[in-house]
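Below are the chains, spelled out letter by letter.
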Amino acid sequence: MIIQDILFPQRDICNEWGLYYRVEHSVEFDEDSQKLMFRAGGKASFNTFFNFFSNQVYCQYTTVRDIALVLKLHGTFRLDIELYSFSDGKVKKSIVSTATVTASGIVEFPVGRTDKIGKYSFTLTALEDHCEFFGGAYQSSMQECNPIKLAMSICTYHREDYLIANIERLRQYIIDEPNSPLHEKLYIFIVDNGRTLKGRIEQNRFVRCFEQGDYGASGGFGRGMHEIQKIAEEEKITNIILSDDDIILDHRVLLRTYRLLTLLKEEYKSSILASGNMNAQERYRQVEFGGIWNNGHPKMQNPGFDLRKISAVLTNDIPEKSEYAGWWFACIPTQAVKEVGLPMPFFMKRDDQEYSLRMRKEIIRINGICVWHMPYDAKYGSYLKYYLLRNYLIIQAVYTPQFRGRQAVRYIWDIIKRDFFLYRYREMDITLDAAREFLLGYLKFKDTLLGRNEEDFLNQLISRGYHLTKVSNLPAVFQESGIMRTREIERDAILKKKSLWWGLLKNKNSVACGQAFYLSPYAAYGAKQILNLDATLSKGFWTKRSLPKGLLRLFRFWVLSIQIRLKFGWCARSYKEHCAELTQWNFWQEYMHL
């Protein structure tokens, strides 16, 4: 059976050819017919993110043991089958076999066994003009051992352009394509929190849409998981894919997901399959590939990897411990919903982390299964701090026994201190309110959720925070030079070990400038005003020093820190003992007024 197709770039998905192939000399790519055209001496290698074969992943998690390479060629080529590995900081390549082939059709070559450390690849060198390569695949004598049907749960809120483009692509290549291996094995469940899709998406047995109020990503995914569960037994749905609405999705990634799942060993059928989160602005760059909760010190795995580089690809999916998978695209067994329930009612942020920790299953990561998504720093919002902190404290209370009141105070202090020195007094208020909601304890927290309109509450948070507006009154050159000057101030303050508190007493009428996500308090040393910019440097918000406002909020934090130390143990026990009730459908029905 085919395990992994050789992929070429597609203009509406990703045109970064370095993720698909590497060429030398006279080789051209015809995108319309999806083929490579060679002159004599032209060379194409497939040691890339999408076209390497990951031996260690398939050996550890699947029943595949031997693989072969099937290619569709026209002309005379030299074929080199290669094995790549990475050790001692160096890329190592060995030639497994070499063959000269003249063909006008499909040819097959043995590659090797999956128990070899590293990744298999191949290189084609044209020995004459007018040679062509039309694609191919890695295949195995092993037949699929797991019958698989997939259902996607997509939560959406006013992202019609992304969503409809993805749905139409899935219709064209899978749902309405009888020759697709996934035909009649893929179901799409769209939960429309914005209630704006009515009549815009044609529904049938395989595409279904549900309208509801805005209960955030948690409410959208939870509703989708429940609706899938209702038909799972009848339709024999085995796995659920949880997917954001604003991703760029390659339909071929779904096919890779399906094929991998059909080959999993018995002991890994209950695993989570994570996908890479690629930067939609720099499509070769990875934002995250799974993560580690790390006892409350979350760490993204392999952030910033340039996956055009062979060394990055070789190290990217080496099997290692992951503790959570992001829900931009993650695949879980349908059985998991029966066993552990629905998401926590977090509204947004950290619901995927909590669910992964609750499942406590192996997380599988493999090159070539990914989606493209806008990076985190492109979506700055003060309101996010509320959900990030409140949900963090609940997760720590439930899953990290060694996390106590003292650690909670220190964690919140780090947030408060940064905002204090960046003059973000509104965000200090939002952070303090998030901690206060946690301190309600389980019963009052539940009553609060049931008693308020989440959409109205979100709008209140947004109105209380800072708003990004165009900074057209400041030329781009000033923004760039301002950032550079701010960085010089930051370096000087750190090197000279200047006190941030002393900087508050400076009376210079200076302005600091930088990206809101990454701006350091040291960068604002001595400044009276700060321009906090978004990732594009075209929007931002101003903050201005006011010692009375800042000190008032520090006093409120001091009062709150005493309450946290006194009440944290009791609050943590209440969440740990009762939070499972929040993951059951009867709670969600009452919460969402269904």
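Residues numbered from 1 in each chain as written. Predicted model: local features only at pLDDT ≥ 70, side-chain atom pairs only at ≥ 80, totals over all residues. Heavy atoms only, no water.

Caption draft 1: Examining the overall build of the protein more closely. Looking only at helices and strands, the protein has 16 helices and 26 strands in total. For 594 residues, the compact-globule formula gives about 25 Å, and the C-alpha radius of gyration of the protein, at 26 Å, lands near that figure. When its C-alpha atoms are laid out on the principal axes, the protein stretches across 80 × 60 × 45 Å. Classification of the 594 residues of the protein by burial places 58% in the buried group. (Helix = DSSP H or I, 4+ residues; strand = E, 2+ residues; numbered from the N terminus. Rg over C-alpha atoms; globule rule 2.2 N^0.38 Å. Buried < 20%, exposed > 50% of the residue type's maximum accessible area, 1.4 Å probe, protein only.)

Caption draft 2: Quick look at the packing of helix H9 (residues 405-421) against helix H10 (residues 425-438). Running from N to C, H9 and H10 cross one another at 165°; their axes reach a closest spacing of 8 Å. Compared by their axis directions, H9 and H10 come out roughly antiparallel. Handedness of the crossing formed by H9 with H10: left-handed. Between H9 and H10, the contacting residues are Ile412, Ile415, Ile416, Asp419 and Phe420 on the first element and Tyr425, Glu427, Met428, Thr431, Leu432 and Ala435 on the second. Residues that form the contact of H9 with H10 fall into these classes: 8 nonpolar, 1 polar and 2 charged. (Axes fitted to C-alpha atoms, helices over the stretch in contact; angles between N-to-C directions. Parallel < 35°, antiparallel > 145°, perpendicular 65-115°, else oblique. Left-handed = near helix turned anticlockwise from the far one by under 90°. Contact = heavy atoms within 4.5 Å. Nonpolar A, V, L, I, M, F, W, Y, C, P; charged D, E, K, R; others polar.)

Caption draft 3: Seen up close, unusual backbone geometry. Despite not being glycine, Asn302 has its phi angle at roughly 55°, a positive value. As for its position among the elements, Asn302 is in the loop between strand S19 (299-300) and helix H5 (310-316). Of note, the phi angle at Tyr423 is positive, near 60°, even though the residue is not glycine. Inspection of the secondary structure puts Tyr423 in the loop between H9 and H10. On the basis of relative accessible area, Tyr423 is assigned to the buried category, the value being 2%.

Caption draft 4: Geometry of the sheet that holds strand S25 (residues 529-533). Spatial strand order, S23-S26-S25-S24: 4 strands in an open sheet with mixed pairing. Edge positions in the open sheet fall to strand S23 (469-470) and strand S24 (511-515), since each of these has one partner strand only. In this structure, S24 lies alongside S25, joined through 5 bridges in parallel fashion. Residue pairing for S25: Ala512 is matched across the bridge by Ile530. (Pairing = 2+ DSSP bridges.)

Caption draft 5: Quick peek at the pattern of salt bridges. Under the defined criterion, the tally for this structure stands at 31 salt bridges. Between Asp115 and Arg113 there is a salt bridge, and its shortest N-O distance comes to 3.3 Å. Among the ionic pairs, Lys385 bridges to Glu427, the shortest N-O distance being 2.8 Å. Placement of Lys385 in helix H8 (residues 384-399) and of Glu427 in helix H10 is noted, with a sequence separation of 42 residues between them. Neither Lys385 nor Glu427 differs from the other in exposure class; each is buried. Through salt bridges with shared partners, a single network forms among Arg390, Glu437, Arg452 and Glu454. (Salt bridge = Lys/Arg side-chain N within 4 Å of Asp/Glu carboxyl O.)

Caption draft 6: Region of the structure containing a nonpolar patch on the surface. Together, Phe555, Trp558, Val559, Ile562 and Leu566 line one region of the surface with nonpolar side chains, adding up to about 540 Å² of accessible area. Considering the arrangement of structural elements, one finds Val559 in helix H15 (residues 547-578). For Val559, a relative accessible area of 30% puts it in the partly exposed group. (Patch = residues over 30% accessible without salt bridge, like charges linked within 9 Å, V, L, I, M, F, W, Y side chains within 5 Å. Areas by Shrake-Rupley, 256 points an atom, 1.4 Å probe, with all protein chains shown as cover.)

Caption draft 7: Molecular detail of a positive patch on the surface. A surface patch of positive charge is lined by Arg404, Arg406, Arg410 and Arg565. With respect to the secondary-structure elements, Arg565 resides in helix H15. (Lys, Arg positive; Asp, Glu negative; His and termini not counted. Charge placed at Lys NZ, Arg CZ, Asp CG, Glu CD.)

Caption draft 8: Representation of the side chain of Asp352. On the secondary structure map, Asp352 appears in helix H7 (residues 351-359). No salt bridge is formed by the buried Asp352, whose closest oppositely charged neighbour, Arg350, lies at an N-O distance of 7.7 Å. Reaching out from Asp352, the side chain makes a polar contact with the backbone nitrogen of Trp327 at a distance of 3.2 Å. (Polar contact = N/O pair within 3.5 Å; in protein donor to acceptor, adjacent residues only side chain to side chain.)

Caption draft 9: Seen up close, the environment of Glu437. Looking at where Glu437 falls in the secondary structure, it is placed in helix H10. The exposure class of Glu437 is buried, given its relative accessible area of 6%. If near-sequence neighbours (up to four positions away) are discounted, Glu437 is found in contact with Tyr386, Arg390, Phe445, Thr448, Arg452 and Tyr575. Engagement of the side chain of Glu437 in a polar contact is seen with the side chain of Arg390, the distance being 2.7 Å.

Caption draft 10: Summary view of the side chain of His226. Inspection of the secondary structure puts His226 in helix H3 (residues 216-235). In contact with His226, other than residues within four places in its own chain, are Leu342 and Trp585.

Caption draft 11: Representation of helix H16 (residues 585-592). All of the buried residues in H16 are Trp585, Phe587, Trp588, Tyr591 and Met592. Taken down its axis, H16 places every buried residue within 155° of arc, on the same side. Next to the buried residues of H16 lie H3, helix H11 (441-451) and helix H12 (454-464). The first or second residue beyond H16 is His593, which carries a positive phi of 55°. (Arc of directions from axis to C-beta.)

Caption draft 12: Region of the structure containing the packing of aromatic side chains. Summed over all chains, the structure comprises 41 aromatic pairs. Consider the rings of Tyr392 and Tyr411, whose centres lie 3.9 Å apart with planes at 10°: the pair is stacked. Here Tyr392, found in helix H8, pairs with Tyr411, found in helix H9; they are 19 residues apart in sequence, far enough to count as distant. These aromatic residues form a ring-pair network of at least three members: Trp293, Tyr392, Phe403, Tyr411, Phe438, Phe445, Phe568 and Tyr575. (Phe/Tyr/Trp six-rings, centres within 6.5 Å; stacked < 30°, edge-to-face > 60°.)

Caption draft 13: The arrangement of H11 in detail. Among the residues making up H11, those that are buried are Gly441, Tyr442, Phe445, Leu449 and Leu450. Next to the buried residues of H11 lie H8, H10, H12, H15 and H16.

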